[in-house]
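Structural characterization, general
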Amino acid sequence: MTAEATAAPTPGPGAAFKDEGNVHFKAQEFLKAAASYTKAIKAEPDNHVFYSNRSQAFLKLSKVGKALEDAEKCLEIAPTFVKGYHRKASALHAGEKTDEACEVLLTAIEMGLDNNELVRMGITIKGKGFIPLAAARKPGGAAVSEDHPLAKENSSAAAQQQP
């Protein structure tokens, strides 16, 4: 493998707009952030990260429908992008579609995209009862092992939770 093959890819034409959007987002200027991410999307319509970022900006603006659309477009472009599932679940949860939000997280876990953030979000949405649901969906049958810090922390409460 050459050094060129391992080097970071050259930023595309939307990168400057994304950076501008990130500055606005950090300053809690969510409308300006969304506008910058829109410019990035126009420059690079197949860049899933730009849709993910704009989804989060729309969510901060309480534009739940637009946030969901962007999360779905992000996942259409990059179906294994974990943050895309997080964005979609966040938008569904904000739209009071708790069961659908949990299903999105469980689908990501089932695909082997399990990470602590997906489990944490599931617990936030569904409560400690999310842990056994995740355990049942993880490839290999043991989604959240007893060694998982969240499982240890919540195991006794999860056992008492009704389905």
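Residues numbered from 1 in each chain as written. Predicted model: local features only at pLDDT ≥ 70, side-chain atom pairs only at ≥ 80, totals over all residues. Heavy atoms only, no water.

Attention shifts here to the overall build of the protein chain. What the protein chain contains, in helices and strands, is ten helices and zero strands. Ordered by position from N to C terminus, the α and β elements of the protein chain give α-α-α-α-α-α-α-α-α-α. The buried share of the protein chain, taken over its 163 residues, is 39%. Taking all contacts inside the protein chain whose residues are at least 6 apart in sequence as the whole, residues at least 24 apart take part in 50%. Summed over its atoms, the accessible surface of the protein chain is roughly 9300 Å², and 52% of this surface lies on carbon and sulfur atoms. (Helix = DSSP H or I, 4+ residues; strand = E, 2+ residues; numbered from the N terminus. Buried < 20%, exposed > 50% of the residue type's maximum accessible area, 1.4 Å probe, protein only. Contact = heavy atoms within 4.5 Å. Areas by Shrake-Rupley, 256 points an atom, 1.4 Å probe, with all protein chains shown as cover.)

Viewed as axis vectors pointing N to C, helix 5 (residues 64–77) and helix 6 (residues 82–94) meet at an angle of 155 degrees, and their least axial separation amounts to 8 Å. Looking at the two axes, helix 5 sits roughly antiparallel to helix 6. As helix 5 runs across helix 6, the sense of the crossing is left-handed. Along its contact with helix 5, which presents Val64, Ala67, Leu68, Ala71, Glu72, Cys74 and Leu75, the element helix 6 presents Gly84, Tyr85, Arg87, Lys88, Ala91, Leu92 and Ala94. A breakdown of the residues in the contact of helix 5 with helix 6 according to their chemical character gives ten nonpolar, one polar and three charged. (Axes fitted to C-alpha atoms, helices over the stretch in contact; angles between N-to-C directions. Parallel < 35°, antiparallel > 145°, perpendicular 65-115°, else oblique. Left-handed = near helix turned anticlockwise from the far one by under 90°. Nonpolar A, V, L, I, M, F, W, Y, C, P; charged D, E, K, R; others polar.)

The next subject is helix 5. Spanning 14 residues, helix 5 covers 20 Å between terminal C-alpha atoms, matching the ideal 20 Å at 1.5 Å per step. For helix 5, the set of buried residues is Ala67, Leu68, Asp70, Ala71, Cys74 and Leu75. In a view along the axis of helix 5, the buried residues occupy a sector of 165 degrees, so they form one face of it. Those residues of helix 5 that are exposed and angled more than 90 degrees off the buried face are Glu69 and Glu76. (Expected span 1.5 Å × (residues − 1). Arc of directions from axis to C-beta.)

Okay, the packing of helix 7 (residues 98–110) against helix 8 (residues 116–126) next. In the contact formed by helix 7 and helix 8, the axes pass within 10 Å of each other and the chain directions differ by 160 degrees. Classified by the interaxial angle, the pair formed by helix 7 and helix 8 is roughly antiparallel. In this structure, helix 7 meets helix 8 at a crossing whose hand is left-handed. Contacts from Thr98, Asp99, Ala101, Cys102, Leu105, Ala108 and Ile109 of helix 7 reach helix 8 at Leu118, Val119, Met121, Gly122, Ile125 and Lys126. For the contact of helix 7 with helix 8, the per-class residue count stands at nine nonpolar, two polar and two charged.

Turn by turn, an α-helix covers 3.6 residues, leaving residues three or four places apart pointing in a common direction. Here helix 2 (residues 15–26) spans 16 Å end to end across twelve residues, near enough to the 16 Å set by a 1.5 Å rise per residue. Along helix 2, the residues classified as buried are Ala15, Gly21 and His24. Of the surrounding secondary structure, the elements contacted by the buried residues of helix 2 are helix 3 (30–43) and helix 4 (48–60). Remark: Gln28 follows helix 2 within two positions and exhibits a positive phi of approximately 60 degrees.

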